[in-house]
Amino acid sequence: GRRRRRAGMRLAAPWKRFGAGLALARHYRAGPVPAHITERLAFYEQLKAAAVGKRARKASEESRPIQISLPDGKTVEGEAWKTTPYEVARRISQGLAKAAVTARVNGILHDLDRPLEGDAALEFVDFESRDGQALFWHSSAHILGGAAEHFYGALLCHGPSTENGFFYDMYLDEQRTVQGRDLPVLEEICKGIIEEKHPFERLEVSREDLKELFKHNKFKLRIVEEKVTSPTATVYRCGTLIDLCRGPHVRHTGTIRALKLLKNASSYWQGDPSAEALQRIYGISFPSIKQLSEWEQVQEEAAQRDHRRIGKDQELFFFHDLSPGSCFFLPKGAHIYATLMDFIKSEYLKRGFSEVITPNIYNARLWEISGHWQHYGESMFSFQVNNETLALKPMNCPGHCLMFGHRPRSWRELPLRLADFGVLHRNEASGSLTGLTRLRRFQQDDAHIFCAMDQLEGEIRGCLEFLQAVYSVFGFALHFYLATRPDEFLGDSNLWDQAEQMLEKSLRDFGQPWELSPGDGAFYGPKVDVHIKDALGRYHQCGTIQLDFQMPLRFDLSFTSKDGGAPETPVMIHRAVLGSVERMLAVLAENYGGKWPFWLSPSQIMVIPVGPDAESYAHEVHQLFCQAGFMTDVDADFGSTLNRKVRKAQLARYNFQFGKSGPFLARHPML
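Note that the structure is predicted; figures quoted are calculated from it, not measured.

### Considerations on the nonpolar core
Grouped burial of nonpolar side chains is what soluble globular proteins tend to show. Core analysis: the largest hydrophobic core is formed by 60 residues, its most contacted members being Tyr471 and Phe474. Per element, the largest residue contribution to this core is 9 residues, and it comes from helix H16 (residues 456-474). Apart from the residues within four sequence positions on either side, Tyr471 is in contact with Phe476, Leu478, Ile532, Cys542, Gly543, Val577, Leu578 and Met584. One finds Ala141, Ile143, Phe286 and Leu292 within the second-largest nonpolar core, a separate group that totals 41 residues.

Structure follows, in structure tokens:
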């Protein structure tokens, strides 16, 4: 056992052999490439040489003049199989070529150095867009993967972008883990890869050649076996790293001028605790050092505004190990929670929604009918009762389908708008639980609209107006994303196309900013996701509008038509404004920095008697405000000075302070 621990220490702390971390980073940048990587590179070069020859023949045989349409309506000429988006950008301006991180060709993201194959609608994407950031951070993950391969000899598993950066999951072995003190060394290795400006090379490879490329990595081989269903797939090379990836990527590693590794954590292969334990490293990157510096300042402010800190300081909520992933809301937190729900309920009355209550537990057969069991079963809490499989509901839509279908329906009842604040449970991995933003038990302002096809456009418009009305109260501007058909989906592709066209028309008519998010739709229909920007400039995805032509068919829902002909199938709209109430509470807490607006505040009024003679009257005032429905407290601690009481109330974020004996009124800065 002692020998094994010593061996583990030697592997986990290799810098002890080379002195300081920076010296070790230089060693790994200049040192020999591991044998299996050298072998992989040699095979890649063989494949690349064949591909280059094939591409040259195509350019020779199929080259022809092409027309390239730009977003401003202008058209430029190019040559098929030769002209690249980057060349077009340089023709327009050096600034555009420098700012672009990728291109969108005929609506699909495309490498800047990949030749155009025919006439194309061309749009350039910079880092400020969501697609640009996702691609930039994904490329950064490849740089981290290359560094980890050298430093640890790691088997790379999965390296995606996230909403706020990137990570890479890797397998070391049972004796080794990533240590926090490794990160500065890894970061220096990453910076070396950046300085060398390695191009990101795209190569299409057959399934058999993929197996040869990744024969030393069992995890990549699993991905090839399970995910690669076509005859070929793409790999990307940057430096010594070759990774299975759809792309696209930035032109070269030097595009990523500022990179910082943030933290390490543990994870599991495909999120399965019964599978191999993996090591995860998180990072962030930017096109400039200035942007990284600004981001670090925002993070310092965000730490002060962290909703978990505010929840503790203001006694709003807490968590306990005996109920992981579930929140205990204290009286003041429950007040905010209930006020948010009451706000939405008041809007329901104005907009023709009917609130319903549905069960928490259903037989698994319900989820098989809806399709959730096949697509979502692993994320549900299920159990056996009397030889039947039951499950806690993770969403309300199948229950609402049962409600619609429990009796015959007429066209006169449509649109039928059912709203439900039912408790939902989702079996999130323990490592992903994060305060109020990722829970196992939560509630949504969930609603489902059943309508006829000719009512659909009006209902979508109503949903968009509902979203705008609510978020304007919070002071948020909205940005919409149209998420289209994913690779795995239910139903007929023609119905999907029809639904996507309907949503796109509604967004265009609504007149607010929106972007396309290809492949991000739910498995049962396209959707519009709503993103809001908080006081720190961070974006949060909250509300959603999802079209669903599939679930009414799966539940055989129908209504009698106006003309008395054959029954018609309703269209279903899944709609949430706040989304998870818990998550919205967290977003608001951080946006306001704990300085709640009066209508939402759990600490609206503090009554401060200035002496013993005023105590009785102070309690009368306290009661008066309480009876009027205000969240009111009284500070009758005569061991404290008036100034101290005032300061205490200010720190506790009371909106108003009332004191008797020469009346004074202190107002909250938010008012």
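### Let's talk about the side chain of His110
With respect to the helices, strands and loops of the structure, His110 is situated in strand S4 (residues 108-110). You can call His110 buried: its relative accessible area is 9%. In this structure the side chain of His110 is engaged in a polar contact, spanning 3.1 Å, whose partner is the backbone oxygen of Arg114. Ignoring any residue separated from it by four or fewer positions in sequence, one finds His110 in contact with Pro85, Thr102, Ala103, Val105, Pro115, Leu116 and Pro248.

### Some points on the confidence of the model for the protein
Across the protein, the average pLDDT comes to 90, with 94% of residues at or above 70. Note that pLDDT drops below 50 for residues 1-19; the model gives that stretch 20 contacts with residues more than four away or on any other chain.

### Points about the side chain of Gln444
Secondary-structure assignment places Gln444 in strand S22 (residues 441-451). Ignoring anything within four residues of it in the chain, the contact list for Gln444 reads Asp420, Phe421, Gly422, Leu424, Arg426, Gly579, Ser580 and Val581.

### Some details on the pattern of salt bridges
Think of it this way: side chains of opposite charge can pair up when their charged atoms draw near. Considering all chains together, one arrives at 42 salt bridges under this definition. In this structure, Asp633 engages Lys332 in a salt bridge whose closest nitrogen and oxygen atoms are separated by 3.9 Å. Within this pair, whereas Asp633 is found in strand S29 (residues 632-634), its partner Lys332 is found in helix H12 (residues 331-351), the two being separated by 301 residues in sequence. Exposure remark for Lys332: the relative accessible area of 22% places this residue in the partly exposed category. Within the structure, one salt-bridge network assembled from shared partners comprises Glu39, Glu212 and Lys215.

Quick notes on the rules
- Residues numbered from 1 in each chain as written.
- Predicted model: local features only at pLDDT ≥ 70, side-chain atom pairs only at ≥ 80, totals over all residues.
- Heavy atoms only, no water.
- Core = buried A, V, L, I, M, F, W, Y, C linked by side-chain atoms within 4.5 Å.
- Buried < 20%, exposed > 50% of the residue type's maximum accessible area, 1.4 Å probe, protein only.
- Helix = DSSP H or I, 4+ residues; strand = E, 2+ residues; numbered from the N terminus.
- Contact = heavy atoms within 4.5 Å.
- Polar contact = N/O pair within 3.5 Å; in protein donor to acceptor, adjacent residues only side chain to side chain.
- pLDDT = per-residue confidence, 0-100.
- Salt bridge = Lys/Arg side-chain N within 4 Å of Asp/Glu carboxyl O.

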